[in-house]
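Examining the three-dimensional arrangement
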Amino acid sequence: MTGAPDFDDFYSGSYRRIVGQLYAMTGDLGAAEEAVQDAYIRAWQRWATVSAYLEPEAWVRTVAYRLAVSNWRRAVNRLAAHRRHGIPDNVPDPGPDHVALVDALRQLPPDMRRVLVLHHLVGLAIDDIARETGVAIGTVKSRLSRGRKALAATLGDTFVGGAA
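Note that the coordinates shown come from a computational prediction; the quantities given were computed from them, not determined experimentally.

Before going further, it helps to examine helix α7 (residues 126-133). By the burial criterion, the buried members of α7 are Ile129, Ala130 and Thr133. All buried residues of α7 lie within an arc of 100° about the axis, which places them on one face of the element. Positive backbone phi, approximately 75°, marks glycine 134, located one or two places after α7.

Secondary-structure assignment places valine 102 in helix α5 (residues 96-106). Taking the C-alpha atoms as reference points, valine 102 and leucine 151, 49 residues apart in sequence, are found 10 Å from one another.

With respect to the helices and strands, serine 51 occurs in the loop between α3 (47-50) and α4 (56-85). Here alanine 48 takes part through its backbone oxygen, which lies 3.5 Å from a polar atom of the side chain of serine 51.

Counting residues in each nonpolar core, the largest one holds 19 residues, and the members touching the most others are Leu22, Val36, Tyr40 and Val60. Breaking this core down by element, the ones donating at least two residues are α1 (4-26), α2 (29-45), α3 and α4. Beyond its immediate chain neighbours, meaning those up to four positions away, tyrosine 40 contacts Phe7, Phe10, Tyr11, Ser14, Tyr15, Ile18 and Val60. Core analysis: the second largest hydrophobic core is formed by 13 residues, Ile129, Val140, Leu144 and Leu151 among them.

Examined against the element boundaries, threonine 133 turns out to sit in helix α7. For threonine 133, a relative accessible area of 19% puts it in the buried group. Looking at threonine 133, its side chain comes within polar contact range of the main-chain oxygen of isoleucine 129, at 2.7 Å. In this structure, threonine 133 is in contact with Arg114, Leu118 and Val140, ignoring residues within four places of it in sequence.

Analysis parameters
Residues numbered from 1 in each chain as written. Predicted model: local features only at pLDDT ≥ 70, side-chain atom pairs only at ≥ 80, totals over all residues. Heavy atoms only, no water. Buried < 20%, exposed > 50% of the residue type's maximum accessible area, 1.4 Å probe, protein only. Helix = DSSP H or I, 4+ residues; strand = E, 2+ residues; numbered from the N terminus. Arc of directions from axis to C-beta. Polar contact = N/O pair within 3.5 Å; in protein donor to acceptor, adjacent residues only side chain to side chain. Core = buried A, V, L, I, M, F, W, Y, C linked by side-chain atoms within 4.5 Å. Contact = heavy atoms within 4.5 Å.

Structure representation (structure tokens):
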């Protein structure tokens, strides 16, 4: 098996079966689906090698299982850290301005929201944003301009001017 058509056939012929198997192993359908998808991504990236294996499906299943276990371990470690340290006493609840800003940002397209956050919250310069996002400087400027106008329409000019 080599090439995209072979991988497509492999994927469509084995995906549901492997998800079902991993679901039985982990007991969490969402985690099983996520791990299997990640395993297929890795299989695609190494398809010339994986397709030559006697059992490529076993390779995907093994990788998916290891990913699921690794994700589970990270979740357990996060929970243990949270229990050990708890929520800090000095973290204030988000204020109404913060909640309104987050809600307004959620209404924007992801690319526009990303540029606004990188510029206004992270503090990156326009050329740095262009480099990080892989778009032209003019596109960054356009997204900033359109994003500010959209936020102003939602939040009001005074608020946007203060947040910028």
